[in-house]
Amino acid sequence: MDLQLTGKRAVVTGASRGIGLATVEALVAEGVRVVAGSRTVSAELAATGAIPVTTDLRTADGVNALVERAIVEFGDIDLLVNNVGGADHVEHLAFADTTDDDWFDLLNLNLMAAVRTTRASVPSLLRTKGVVVTVSSDGALTPRQGALATPLPYAVSKAALNACMKALSVELGLEGIRVTTVSPGSTRTSLWEGEVGETLARAAGVPHDALLKVLPEQAGMLTGRWIEPKEIAAAIAFVASPLSGSTIGANFEIDAGARRSL
Ligand SMILES: NC(=O)c1ccc[n+]([C@@H]2O[C@H](COP(=O)([O-])OP(=O)(O)OC[C@H]3O[C@@H](n4cnc5c(N)ncnc54)[C@H](OP(=O)(O)O)[C@@H]3O)[C@@H](O)[C@H]2O)c1
């Protein structure tokens, strides 16, 4: 299927690995020109042919540098993928132990980075009648469920992100900008293989490698396996496509059937 994305100009945040990298790869394969932001440039990102921008997206200056670079390179932006997010550095899982820093750090990375990047991109997206795809999380819809609950500030910041994008889908939709959300379930990336996975394993009292082995089943994923980043990237490319022109304000859950409620 031709997604009719050839020649489009995109910004992808959190692009050096994981879902962001897979999204850059999928978009480039569709003929999209991409400016890709992250704090480091991995060999895999460099190999995509995207224009890498080294930037810290927790800061307003870092966000502005990314969007300004895209405007310099492309003139305008047709597609923004708000992918950056995560829950690094959170050691405290019990609510009573969480600190203000835990809350503000995760709100900054998971909510404010997307707020700032979208706001900075709106003038250009208005000119192109562009698309915003935001990566949220199944944790926003199932906060604190099961033994392997994600940190509460992470789930709450993603829930706020969902609310923000739903509201923007109307406010910006009236101006011709299409806003949608994609919510992954457990996807095998460095998020799980690194600090977040280690923290959750410690909290659950199991070795990290054991957690990685049992998580799909314990999370109720009907495939019995981790989601691959390219499966999320394919959904992002599809909702970004003009073929999805009537898809506005939707939240696509890709969780291998883990969430059983309506
Ligand atoms: N993996 C999952 O199971 C899962 C499930 C639900 C939702 N999600 C969401 O999916 C998105 C991608 O997650 P992932 O699993 O692919 O994560 P990941 O493997 O940890 O990758 C995160 C990416 O974001 C970049 N990044 C992190 N902090 C940054 C910062 N301050 N400034 C700029 N770039 C930054 C990282 O690059 P640098 O380190 O080079 O900066 C990396 O490229 C996130 O929003 C996450 O919440 C993931």
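Placed above this text is the structure.
Attention here is on the structure that accompanies the text.

Calculation rules
Residues numbered from 1 in each chain as written. Predicted model: local features only at pLDDT ≥ 70, side-chain atom pairs only at ≥ 80, totals over all residues. Heavy atoms only, no water. Patch = residues over 30% accessible without salt bridge, like charges linked within 9 Å, V, L, I, M, F, W, Y side chains within 5 Å. Areas by Shrake-Rupley, 256 points an atom, 1.4 Å probe, with all protein chains shown as cover. Salt bridge = Lys/Arg side-chain N within 4 Å of Asp/Glu carboxyl O. Helix = DSSP H or I, 4+ residues; strand = E, 2+ residues; numbered from the N terminus. Phe/Tyr/Trp six-rings, centres within 6.5 Å; stacked < 30°, edge-to-face > 60°. Buried < 20%, exposed > 50% of the residue type's maximum accessible area, 1.4 Å probe, protein only. Near = heavy atom within 4 Å. Polar contact = N/O pair within 3.5 Å; in protein donor to acceptor, adjacent residues only side chain to side chain. Nonpolar A, V, L, I, M, F, W, Y, C, P; charged D, E, K, R; others polar. Pairing = 2+ DSSP bridges. Right-handed = clockwise from strand over helix to strand, strands pointing away. Axes fitted to C-alpha atoms, helices over the stretch in contact; angles between N-to-C directions. Parallel < 35°, antiparallel > 145°, perpendicular 65-115°, else oblique. Left-handed = near helix turned anticlockwise from the far one by under 90°. Contact = heavy atoms within 4.5 Å.

### Observations regarding a nonpolar patch on the surface
Argument step 1. Among the surface-exposed residues, Met-1, Phe-238 and Leu-243 lie close enough to one another that they form a single nonpolar patch of about 340 Å² accessible area.
Argument step 2. Topologically, Leu-243 is positioned in the loop between α9 (229-240) and β7 (251-254).

### Some remarks on the packing of aromatic side chains
Argument step 1. Summed over all chains, the structure comprises one aromatic pair.
Argument step 2. On the numbers, 5.5 Å between centres and 65° between planes, the contact of Trp-192 with Trp-226 is edge-to-face. Of this pair, Trp-192 sits in helix α6 (residues 190-193) while Trp-226 sits in the loop between α8 (208-218) and α9; the two residues are 34 residues apart in sequence, bridging distant segments of the chain. In this structure, Trp-192 and Trp-226 share a single accessibility class: buried.

### Digging into the site of the ligand
Argument step 1. Lining the immediate environment of the ligand, one finds 31 residues, of which Thr-40, Asn-83, Tyr-154, Thr-187 and Thr-189 sit closest.
Argument step 2. Take Gly-14: an N or O atom from its main chain is 3.4 Å from an oxygen atom of the ligand.
Argument step 3. One of the backbone N or O atoms of Leu-57 is found 2.8 Å from a nitrogen atom in the ligand.
Argument step 4. Going through the elements one at a time, α1 (18-29), α5 (152-171) and α6 are the ones with two or more residues in the shell around the ligand.
Argument step 5. A per-class count over the shell around the ligand returns 10 nonpolar, 16 polar and five charged.

### What about the pairing of strand β1 (residues 9-13)?
Argument step 1. With five of its five residues buried, β1 lies for the most part within the structure.
Argument step 2. Of the two faces of β1, the one lined by Arg-9, Val-11 and Thr-13 and the one lined by Ala-10 and Val-12 are each fully buried.
Argument step 3. Note that β1 and strand β2 (residues 33-38) share five bridges and pair parallel. By the bridge assignment for β2, Thr-13 is matched with Gly-37.
Argument step 4. For the crossover that starts at β1, traverses α1 and ends in the parallel β2, the hand is right-handed.
Argument step 5. Summarising the sheet, β1 and strand β4 (residues 79-82) pair through three bridges and their orientation is parallel. In the strand pairing of β4, Val-11 is matched with Leu-80.

### Concerning the packing of α1 against α9
Argument step 1. Close contact between α1 and α9 brings their axes to 8 Å; oriented N to C, the two are set at 55°. Regarding the angle of α1 to α9, the classification is oblique. The handedness of the crossing between α1 and α9 is right-handed. From α1, Gly-18, Ile-19, Ala-22, Thr-23, Ala-26 and Leu-27 reach across to α9, where they touch Pro-229, Lys-230, Ile-232, Ala-233, Ile-236 and Ala-237.
Argument step 2. For the contact of α1 with α9, the per-class residue count stands at nine nonpolar, two polar and one charged.

### Structural notes on the packing of helix α4 (residues 100-128) against α5
Argument step 1. Contact pair α4 / α5: the axes reach a minimum separation of 8 Å and the direction vectors enclose 20°. Taken together, the axes of α4 and α5 lie roughly parallel to each other. Crossing geometry of α4 relative to α5 is assigned as right-handed. Residues Asp-102, Trp-103, Leu-106, Leu-107, Asn-110, Leu-111, Ala-114, Val-115 and Thr-118 of α4 pack against Leu-152, Pro-153, Tyr-154, Val-156, Ser-157, Lys-158, Ala-160, Leu-161, Cys-164, Met-165 and Leu-168 of α5.

### Re the pattern of salt bridges
Argument step 1. Taken as a whole and judged by the stated rule, the model has seven salt bridges.
Argument step 2. Arg-58 is the salt-bridge partner of Asp-56, the closest N and O atoms lying 2.9 Å from each other.

### Some details on unusual backbone geometry
Argument step 1. Here Lys-129, not a glycine, exhibits a phi torsion of approximately 55°, which is positive.
Argument step 2. The residue Lys-129 is located in the loop between α4 and β5 (131-135) in this model.
Argument step 3. By relative accessible area, Lys-129 is classed as exposed at 52%.
Argument step 4. Located in the positive-phi region is Ala-256, a residue other than glycine, with phi close to 55°.
Argument step 5. Tracing the backbone shows Ala-256 in the segment after β7.

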